[in-house]
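Notes for the structure review
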Amino acid sequence: MQLVVGKIGRAHGIRGDVSVEVRTDEPELRLGPGAVLLTDPASAGPLTVESGKVHSGRLLLRFAGVKDRNGAEALRGTLLIAEVDPEERPEDPEEYYDHQLIGLDVVLLDGTPVGELTEVIHLPYQDLLTVKKADGTEVLVPFVTRIVPTIDLENQRAVIDPPAGLIDPEHAEVAGATEAAAEAAEAAEAPGAADEAEGPEESQ
């Protein structure tokens, strides 16, 4: 199975280094020195990772045969693809490869269908799940235990518990209105509130 594990960005320096947008939870394995990667477009590869380092929070890689900035810049926008055994699993049972997640049915805690998980986005601070709803719109769901408590690979589904408004923005407005009504009710019941309400009548 072929998986996209990175995307080449801008050239860095003059010796052939490139910045890489990481799209794998295991960059040390998939993008480590010696790794041979296919590419999209195919004409750009295959590429063999010669060395790598982290600079200012970015992964920088140098590929065999790419010796200068011009060669590095020519690779910009290229997708890096790794060959992965479809039966392979991460060592941590609470971690998943992207291909295990893509295609899962996404449902709420009560089983209500939400949509299909179509993409895993790896950001520096957290991962996001792209969920395509039945109406064709997409929502981004933070891949954290509080919001995605269950990944059920056996039944091919992801169970989510989203905060109000994440899946349906109009629900956020309703929730906000409800909270405002509740606050108004509390204010009306507060000591002195009745006297204030009766004040205008007494002044007539």
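That block above? That's the structure.
Summary of the structure given here. Computed from a predicted structure; not experimentally measured. (Residues numbered from 1 in each chain as written. Predicted model: local features only at pLDDT ≥ 70, side-chain atom pairs only at ≥ 80, totals over all residues. Heavy atoms only, no water.)

1. Thoughts on the pairing of strand S7 (residues 105-108)
Sheet analysis places S7 next to strand S8 (residues 113-122), joined by three bridges and oriented antiparallel. Its bridge partner being in S8, Asp105 is matched across the sheet by Glu116. Counted between consecutive antiparallel strands, the loop separating S7 from S8 contains four residues, among which Gly111 sits at a positive phi close to 90 degrees. In the sheet, S7 pairs with strand S12 (residues 157-160) via four bridges, with the strands oriented parallel. Residue pairing in the sheet places Val107 in a bridge with Val159 of S12. (Pairing = 2+ DSSP bridges. Helix = DSSP H or I, 4+ residues; strand = E, 2+ residues; numbered from the N terminus.)

2. Description of unusual backbone geometry
In this model, Asp40 is joined to Pro41 through a cis peptide bond whose omega is 10 degrees. Relative to the helices and strands, Pro41 is located in the loop between strand S3 (36-40) and strand S4 (47-55). Here Gly45 and Pro46 are connected by a cis peptide whose omega angle stands at 5 degrees. Inspection of the secondary structure puts Pro46 in the loop between S3 and S4. You will see that Ser56, though not glycine, has its phi angle at about 55 degrees, which is positive. Checked against the element boundaries, Ser56 lands in the loop between S4 and strand S5 (58-63). Of note, Gln156 is a non-glycine position whose phi angle comes to about 55 degrees, a positive value. Turning to its location among the elements, Gln156 is positioned in the loop between strand S11 (150-152) and S12. Looking at Gln156, the relative accessible area reads 38%, which means it is partly exposed. (Buried < 20%, exposed > 50% of the residue type's maximum accessible area, 1.4 Å probe, protein only.)

3. Some remarks on the side chain of Asp152
Counting through the fold element by element, Asp152 comes out in strand S11. Exposure remark for Asp152: the relative accessible area of 16% places this residue in the buried category. There is a polar contact of 2.7 Å between the side chain of Asp152 and the side chain of Asn155. (Polar contact = N/O pair within 3.5 Å; in protein donor to acceptor, adjacent residues only side chain to side chain.)

4. Points about the pattern of salt bridges
Enumeration according to the criterion identifies five salt bridges in this entry. A salt bridge links Lys67 to Glu50; the shortest N-O distance between them is 3.8 Å. Of the two residues, Lys67 sits in the loop between S5 and helix H2 (69-73) while Glu50 sits in strand S4, which places them 17 residues apart along the sequence. Residue Lys67 is classed as exposed on the basis of its relative accessible area of 56%. Judged by relative accessible area, Glu50 falls into the partly exposed class, the value being 37%. Among the ionic pairs, Arg76 bridges to Glu73, the shortest N-O distance being 3.1 Å. (Salt bridge = Lys/Arg side-chain N within 4 Å of Asp/Glu carboxyl O.)

5. Concerning the sheet that holds strand S2 (residues 17-22)
The six strands lie next to each other as S1-S2-S5-S4-S3-S6, forming a closed barrel whose pairing is antiparallel. Going across the sheet, the axis of each strand differs from the next one's by a mean of 50 degrees, ignoring polarity. By the bridge criterion, six bridges tie S4 to S5 in an arrangement that is antiparallel. Paired with Val49 across the strands is Phe63, a residue of S5. (Axes fitted to C-alpha atoms, helices over the stretch in contact; angles between N-to-C directions.)

6. Topic: the nonpolar core
Of all hydrophobic cores here, the largest spans 20 residues; its most connected members are Leu31, Leu37, Leu61, Phe63 and Leu80. If you list the elements that add at least two residues to this core, you get strand S1 (2-12), S2, S4, S5 and strand S6 (79-83). With four residues, the top contributor of residues to this core is S1. Filtering out sequence-adjacent residues up to four positions away, Leu37 remains in contact with Val5, Arg30, Leu31, Pro46, Leu47, Val49, Phe63, Leu80, Ile81 and Ala82. (Core = buried A, V, L, I, M, F, W, Y, C linked by side-chain atoms within 4.5 Å. Contact = heavy atoms within 4.5 Å.)

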